[in-house]
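Here are the chains, one letter per residue:
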Amino acid sequence: MAIDTRINQSKLPKHVAVIMDGNGRWAKQRGKLRTFGHGKGVKAVRETVETAAEMGIEYLTLYAFSTENWNRPKFEVNALMTLLVKTINKETKTLTENNIRLNAIGDLQSLPSSCLKELNEAIEKTKGNTRMTLTLALSYSSKWEMTEAIKAIAKNVKSGKLDVEAINESTIDEHLCTLGIPDPELLIRTSGEHRISNFLLWQIAYAELYFTDKLWPDFEKIDFEAAIIDYQGRERRFGKISEQVSA
Ligand code: IPE
Ligand code: IPE
Ligand code: MG
């Protein structure tokens, strides 16, 4: 289906990040187990990926599992990991057909080996694809990522490879998992929660934030389009004044 004509193709964000939230509440509202909601969330993932690619978004990053999510009941964590393996396995072919490259950020070594294997295979199979990079944030948290970056930078200073005075914003960018990916211009969060929950804290320094009350399994093409239209209506000033930006 065609993309909403109100969307200005020349003003698209390059990178959209999404906090996919509300699966559990969606299921509860229907008297079902939370895990039922996670299963239903896969359809919203598929639709969002397809819409973003069709629209011409170059980078889409989805928050799928946070470091803190490991503290959920074991039953739910296991169900999420199983769903992850199944979904990646099932969707790799479609990703390739749509010329989408899969990428992952986070403490991937902490994932069950079956997940990691499936993930690495899909990343390998899709590495030549060029239309859009889909990044899954898995066992990811921004504070974890920044801690790792600081450790790596400190090691380079200690070994004499890096001069303290040479450290700048690019040094930090280069030590984050998102190396090579531009910062998101737009961050979407579903489910009516107005928080970041430890996601891409450094990278979203100047992102436009878009919140919707829709629960993730209900998030559709029109909702993604609505977020883009809202984004395109905003004036991004980056500290300047309006007259400077419009000049
Ligand atoms: C988002 O939905 C999916 C994950 C965090 C894995 P939730 O599971 O957080 O659903 P709610 O927020 O409890 O409704
Ligand atoms: C954020 O959602 C993490 C993901 C979407 C993967 P949560 O549901 O875990 O966040 P909080 O706990 O409500 O902040
Ligand atoms: Mg939640």
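Quick note: structure is the one above.
Quick caveat, the model's predicted, so the values are computed rather than measured.

A few points about helix α5 (residues 142–158)
Moving on, step 1. The end-to-end C-alpha distance of α5 is 24 Å, a good match for the 24 Å that 17 residues give at a rise of 1.5 Å each.
Moving on, step 2. All of the buried residues in α5 are Ser142, Glu145, Ala149, Ile153 and Asn156. Buried residues of α5, seen end-on, are gathered within an arc of 65° and therefore sit on one face of the element. In this structure, α5 carries Lys143, Ile150, Lys155 and Lys158 as exposed residues pointing more than 90 degrees from its buried face.
Moving on, step 3. In this structure, the buried residues of α5 make contact with β4 (132–140) and α6 (169–174).

Brief notes about a nonpolar patch on the surface
Moving on, step 1. Where nonpolar side chains cluster on the molecular surface, the patch consists of Leu33, Phe36 and Phe75 and spans about 330 Å² of accessible area.
Moving on, step 2. Looking at the secondary structure, you find phenylalanine 75 in helix α3 (residues 74–97).

Quick look at the state of the cysteines
Moving on, step 1. Per the stated rule, a full pass over the model turns up zero disulfides.
Moving on, step 2. Cysteine 115 forms no disulfide, and the closest cysteine sulfur to it belongs to cysteine 177, at a distance of 17 Å.
Moving on, step 3. Overall, the relative accessible area of 30% leaves cysteine 177 in the partly exposed class.

A short note on unusual backbone geometry
Moving on, step 1. The phi dihedral of serine 191 falls on the positive side, at around 80°, and the residue is not glycine.
Moving on, step 2. As for its placement among the helices and strands, serine 191 is situated in the loop between β5 (186–189) and β6 (208–211).
Moving on, step 3. Residue serine 191 is classed as buried on the basis of its relative accessible area of 7%.
Moving on, step 4. Phi at phenylalanine 238 is positive, roughly 50°, even though this residue is not glycine.
Moving on, step 5. Along the chain, phenylalanine 238 turns up in the loop between α7 (221–232) and α8 (242–246).

As for the packing of helix α2 (residues 34–55) against α3
Moving on, step 1. Remark: α2 packs on α3, axes separated minimally by 10 Å, with the N-to-C direction vectors making an angle of 25°. With respect to α3, the axis of α2 lies roughly parallel. Taken as a pair, α2 and α3 cross one another with a handedness that is right-handed. Facing α2, whose interface residues are Arg34, Thr35, His38, Gly39, Val42, Arg46 and Val49, α3 presents Phe75, Glu76, Ala79, Leu80, Leu83, Thr87, Lys90, Glu91 and Leu95.
Moving on, step 2. Class assignment for the residues of the contact of α2 with α3 results in seven nonpolar, four polar and five charged.

Reading guide: rules and limits
- Residues numbered from 1 in each chain as written.
- Chains lettered and ligands numbered in written order.
- Predicted model: local features only at pLDDT ≥ 70, side-chain atom pairs only at ≥ 80, totals over all residues.
- Heavy atoms only, no water.
- Helix = DSSP H or I, 4+ residues; strand = E, 2+ residues; numbered from the N terminus.
- Expected span 1.5 Å × (residues − 1).
- Buried < 20%, exposed > 50% of the residue type's maximum accessible area, 1.4 Å probe, protein only.
- Arc of directions from axis to C-beta.
- Contact = heavy atoms within 4.5 Å.
- Patch = residues over 30% accessible without salt bridge, like charges linked within 9 Å, V, L, I, M, F, W, Y side chains within 5 Å.
- Areas by Shrake-Rupley, 256 points an atom, 1.4 Å probe, with all protein chains shown as cover.
- Salt bridge = Lys/Arg side-chain N within 4 Å of Asp/Glu carboxyl O.
- Disulfide = S-S within 2.5 Å.
- Axes fitted to C-alpha atoms, helices over the stretch in contact; angles between N-to-C directions.
- Parallel < 35°, antiparallel > 145°, perpendicular 65-115°, else oblique.
- Left-handed = near helix turned anticlockwise from the far one by under 90°.
- Nonpolar A, V, L, I, M, F, W, Y, C, P; charged D, E, K, R; others polar.

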